[in-house]
Amino acid sequence: MPDAHIDALVVVPTYNERDNLPILAQGILAHPGFRLLVVDDASPDGTGAVADALARQHAGRVHVLHRSGPRGLGRSYVDGLRRALDTGAELIFQMDADLSHNPEYLPAMAAAAAEYDVVIGSRYLTGVSVVNWPLHRIFLSAFANRYVRTVTGISVSDCTSGFRCWRRTALARLPLGSMVSNGYAFVVEMLFEASRRGCRIGEVPIIFIERRQGQSKVSARVLLESLIVPWRLKFRRR
Ligand SMILES: Nc1nc2c(ncn2[C@@H]2O[C@H](COP(=O)(O)OP(=O)(O)OP(=O)(O)O)[C@@H](O)[C@H]2O)c(=O)[nH]1
Ligand SMILES: [Mg+2]
């Protein structure tokens, strides 16, 4: 049964996701008690204007944060999560805009947050649940997870998943002002900080679908950062 008392805000960073965003928004807003915060990095394809139109159409349920200056997934999350905490939402979600993360999982993740401080939408809880990934991509992701777990000691089956639900109290304890990752490694850094603060980390199985439209933004630079950040975390002072 859907919980009528859910107060959740889903933070979605976007860069060139014009065609995906309206579909995602519809899926999120289908759940009572869920709001959406789009964090757009001045996308050249006009995603920001699409987000503004959604905000007008769904006043009070869709919000937009327009960023300027250096772009980045980590930077966008810092700004978006801070704004989310300011709104007073009880549950704060992170998810990708490219339809890889199905909004149908939102209620199950919210329900699990009754027992955990952070709930991860996990691809590796029951084998490997990814659709449309070539074999080399599966190996790369499996390697990345093992690498991060080994170096940092985080004991979660999917520590690189960007689909998460935070209790606001847990999120508020993270040092958002002193994170070192600008790109993709940011999700790992968040989990590391949560883990060493004693947050209870839960996982809910999801099936991950590879993006069908729009372009990946994974660059060599962001990949390199993902290799280095786990070591920085390991040797970071308490
Ligand atoms: N605001 C903002 N969002 C970004 C940036 N880079 C990526 N994103 C968003 O972050 C999410 C994940 O990016 P993707 O390009 O899908 O990365 P990925 O899922 O690892 O790669 P794919 O397999 O190609 O989908 C998407 O919603 C992107 O639009 C950025 O620099 N700024
Ligand atoms: Mg993606």
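Note that this is a predicted model, so its numbers are computed, not measured.

Caption draft 1: Quick peek at the environment of Phe186. On the secondary structure map, Phe186 appears in helix α7 (residues 186–196). Excluding residues within four positions of it along the chain, Phe186 makes contact with Gly74, Tyr77, Val78, Leu81, Leu176, Met179 and Ser181.

Caption draft 2: Seen up close, the side chain of Ser141. With respect to the element layout, Ser141 can be found in helix α5 (residues 135–152). Contacts of Ser141, omitting those with residues within four sequence positions, involve Arg123, Tyr124 and Trp133.

Caption draft 3: Region of the structure containing the side chain of Ser129. Note that Ser129 resides in the loop between β5 (118–122) and β6 (130–131). Under the relative-accessibility criterion, Ser129 is labelled buried at 13%. Those residues in contact with Ser129, other than ones at most four positions away along the chain, are Arg123, Ile206, Ile207 and Phe208.

Caption draft 4: Geometry of the nonpolar core. Core analysis: the largest hydrophobic core is formed by 36 residues, its most contacted members being Ile28, Phe34 and Phe93. Mapped by element, the contributors of at least two residues to this core are β1 (8–14), α1 (20–29), β2 (34–40), α2 (47–57), β3 (62–66), β4 (91–94) and α4 (106–112). Counting residues per element, this core draws most heavily on α1, at five residues.

Caption draft 5: Quick peek at the packing of aromatic side chains. The full count for this structure, using the stated rule, is five aromatic pairs. Centre to centre, the rings of Phe34 and Phe93 are 5.5 Å apart; their planes meet at 50 degrees, and the pair counts as tilted. Here the residue Phe34 occupies a position in strand β2, and Phe93 occupies one in strand β4, the gap between them amounting to 59 residues. With respect to class, Phe34 is no different from Phe93; both count as buried. Here Trp231 and Phe235 contribute two aromatic rings whose centre-to-centre distance is 6.5 Å and whose plane-to-plane angle is 15 degrees, an arrangement assigned as stacked. Assessed through its relative accessible area of 41%, Trp231 is described here as partly exposed.

Caption draft 6: Molecular detail of the site of ligand 1. Taken together, 20 residues lie around ligand 1, and Glu17, Asp41, Arg71, Asp98 and Ser216 are the ones closest in. At 3.1 Å from an oxygen atom of ligand 1 is found a main-chain nitrogen or oxygen belonging to Tyr15. A distance of 2.7 Å separates an oxygen atom of ligand 1 from a polar atom in the side chain of Glu17. Against a free-state accessible area of 630 Å², the protein chains account for coverage of 96% of ligand 1. Elements supplying a minimum of two residues to the shell around ligand 1: β1 and α3 (73–87). Among the residues forming the shell around ligand 1, the class breakdown is seven nonpolar, four polar and nine charged.

Caption draft 7: Representation of the sheet that holds β1. Spatially, seven strands are ordered β3-β2-β1-β4-β7-β5-β8 in an open sheet, and the strand pairing comes out mixed. Either end of the sheet is taken by a strand with one partner, and the two such strands are β3 and β8 (201–205). When the angles between neighbouring strand axes are averaged without regard to direction, this sheet yields 20 degrees. Where α1 meets the sheet, its contacts fall on β1, β2 and β3, and the angle it forms with β2 comes to roughly 155 degrees. Against the sheet, α3 contacts β1, β2, β3 and β4, and its axis sits at roughly 160 degrees relative to β1.

Caption draft 8: Up close: the state of the cysteines. Scanning the model with the defined rule gives zero disulfides in all. Cysteine Cys199 is unpaired, with the sulfur of Cys165 as its nearest cysteine sulfur at 12 Å.

Caption draft 9: Region of interest: unusual backbone geometry. One non-glycine residue, Asn16, lies in the positive phi region at around 60 degrees. Looking at where Asn16 falls in the secondary structure, it is placed in the loop between β1 and α1. Located in the positive-phi region is Ala42, a residue other than glycine, with phi close to 50 degrees. Residue placement: Ala42 occurs in the loop between β2 and α2.

Caption draft 10: Just the pairing of β4, in detail. By the alternation rule, side chains of β4 split into Leu91 and Phe93 and Ile92 and Gln94, which are all buried. Sheet topology places β1 next to β4; four bridges connect them, and they run parallel. In the strand pairing of β4, Leu9 is matched with Ile92. Direction of pairing for β4 relative to strand β7 (residues 164–167): antiparallel, over a ladder of four bridges. Following the sheet pairing, Phe93 is matched in β7 by Cys165.

What counts as what
Residues numbered from 1 in each chain as written. Chains lettered and ligands numbered in written order. Predicted model: local features only at pLDDT ≥ 70, side-chain atom pairs only at ≥ 80, totals over all residues. Heavy atoms only, no water. Helix = DSSP H or I, 4+ residues; strand = E, 2+ residues; numbered from the N terminus. Contact = heavy atoms within 4.5 Å. Buried < 20%, exposed > 50% of the residue type's maximum accessible area, 1.4 Å probe, protein only. Core = buried A, V, L, I, M, F, W, Y, C linked by side-chain atoms within 4.5 Å. Phe/Tyr/Trp six-rings, centres within 6.5 Å; stacked < 30°, edge-to-face > 60°. Near = heavy atom within 4 Å. Polar contact = N/O pair within 3.5 Å; in protein donor to acceptor, adjacent residues only side chain to side chain. Areas by Shrake-Rupley, 256 points an atom, 1.4 Å probe, with all protein chains shown as cover. Nonpolar A, V, L, I, M, F, W, Y, C, P; charged D, E, K, R; others polar. Pairing = 2+ DSSP bridges. Axes fitted to C-alpha atoms, helices over the stretch in contact; angles between N-to-C directions. Disulfide = S-S within 2.5 Å.

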